[in-house]
Amino acid sequence: QVQLVGSGGGLVQAGGSLRLSCAASGRTFSNYTMGWFRQAPGKEREFVAAISGSGGRTYFANSVKDRFTISRDNAQNTVALQMNSLKPEDTADYYCAAVNELKGVPVYAIQMAIEYDYWGQGTQVTVSS
């Protein structure tokens, strides 16, 4: 089992920045691809970003590319999502998630929520215009 605890959400004006963090415990953190997803009211959960276990590969949704970065610290068992140039449409609950790399999820499926086995609680991000 992997336990994930997300933090760092809040209220920010458009154009501002927020940094989300997710702390993991339970298993060897570096064995897991970590992802961030978000869900706005009335909408389906959507992929935001992911990072491989070693941190060597990152993936981003087109809507956040060039504005968000994802990083991880395997010594501290944490993954972070740095969100810059925030827009009102970024408003959502943000969730961190984990999937063991032994599962062999293909690259095209990294953005699919159904592939992730462990989820943190959501952290709310509100961007005002």
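Up top is the structure.
Residues numbered from 1 in each chain as written. Predicted model: local features only at pLDDT ≥ 70, side-chain atom pairs only at ≥ 80, totals over all residues. Heavy atoms only, no water.

Asker: Describe a nonpolar patch on the surface, listing the residues and the values that go with them.
Answerer: Taken together, the side chains of Tyr-108, Met-112 and Ile-114 define a hydrophobic patch exposed on the protein surface, amounting to about 380 Å² of accessible area. Tracing the backbone through its elements, the reader meets Tyr-108 in the loop between strand 9 (92–100) and strand 10 (118–119). The exposed category is assigned to Tyr-108, whose relative accessible area is 58%. (Patch = residues over 30% accessible without salt bridge, like charges linked within 9 Å, V, L, I, M, F, W, Y side chains within 5 Å. Areas by Shrake-Rupley, 256 points an atom, 1.4 Å probe, with all protein chains shown as cover. Salt bridge = Lys/Arg side-chain N within 4 Å of Asp/Glu carboxyl O. Helix = DSSP H or I, 4+ residues; strand = E, 2+ residues; numbered from the N terminus. Buried < 20%, exposed > 50% of the residue type's maximum accessible area, 1.4 Å probe, protein only.)

Asker: Any details on the environment of Thr-126? Residues and values, ideally.
Answerer: Looking at the element boundaries, Thr-126 is found in strand 11 (residues 123–128). Distance from Thr-126 to Gly-10, taken between C-alpha atoms, is 6.1 Å for residues 116 residues apart in sequence. Residues within four places of Thr-126 in sequence aside, it is in contact with Gly-10, Leu-11, Val-12 and Thr-91. (Contact = heavy atoms within 4.5 Å.)

Asker: I'd like to hear about the pairing of strand 5 (residues 46–51), residue by residue, with values.
Answerer: Counting buried positions along strand 5 gives 5 out of 6 residues, so the element sits mostly inside the fold. Two strands pair when backbone bridges link them, and strand 4 (residues 32–39) and strand 5 are joined in this way by 5 bridges, in the antiparallel orientation. Among the inter-strand pairings, Trp-36 is bridged to a residue of strand 5, identified as Ala-49. Strand direction decides the pairing type here: strand 5 and strand 6 (residues 58–60), joined by 3 bridges, are antiparallel. Residue pairing in the sheet places Ile-51 in a bridge with Thr-58 of strand 6. Where strand 5 folds back on strand 6, the antiparallel hairpin that results is connected by 6 residues, among which Gly-55 adopts a positive phi of roughly 85°. (Pairing = 2+ DSSP bridges.)

Asker: Before we move on, could you go through the state of the cysteines and cite the residues and values that matter?
Answerer: A covalent bond bridging the sulfur atoms of two cysteines is what the word disulfide describes. What the rule picks out here adds up to 1 disulfide. Here Cys-22 engages in a disulfide with Cys-96; their sulfurs sit 2.1 Å apart. Measuring the twist about the S-S bond at about 60°, one finds the Cys-22-Cys-96 disulfide to be right-handed. Taken together, the positions of Cys-22 in strand 3 (residues 18–25) and Cys-96 in strand 9 put the pair 74 residues apart, joining distant regions of the chain. (Disulfide = S-S within 2.5 Å.)

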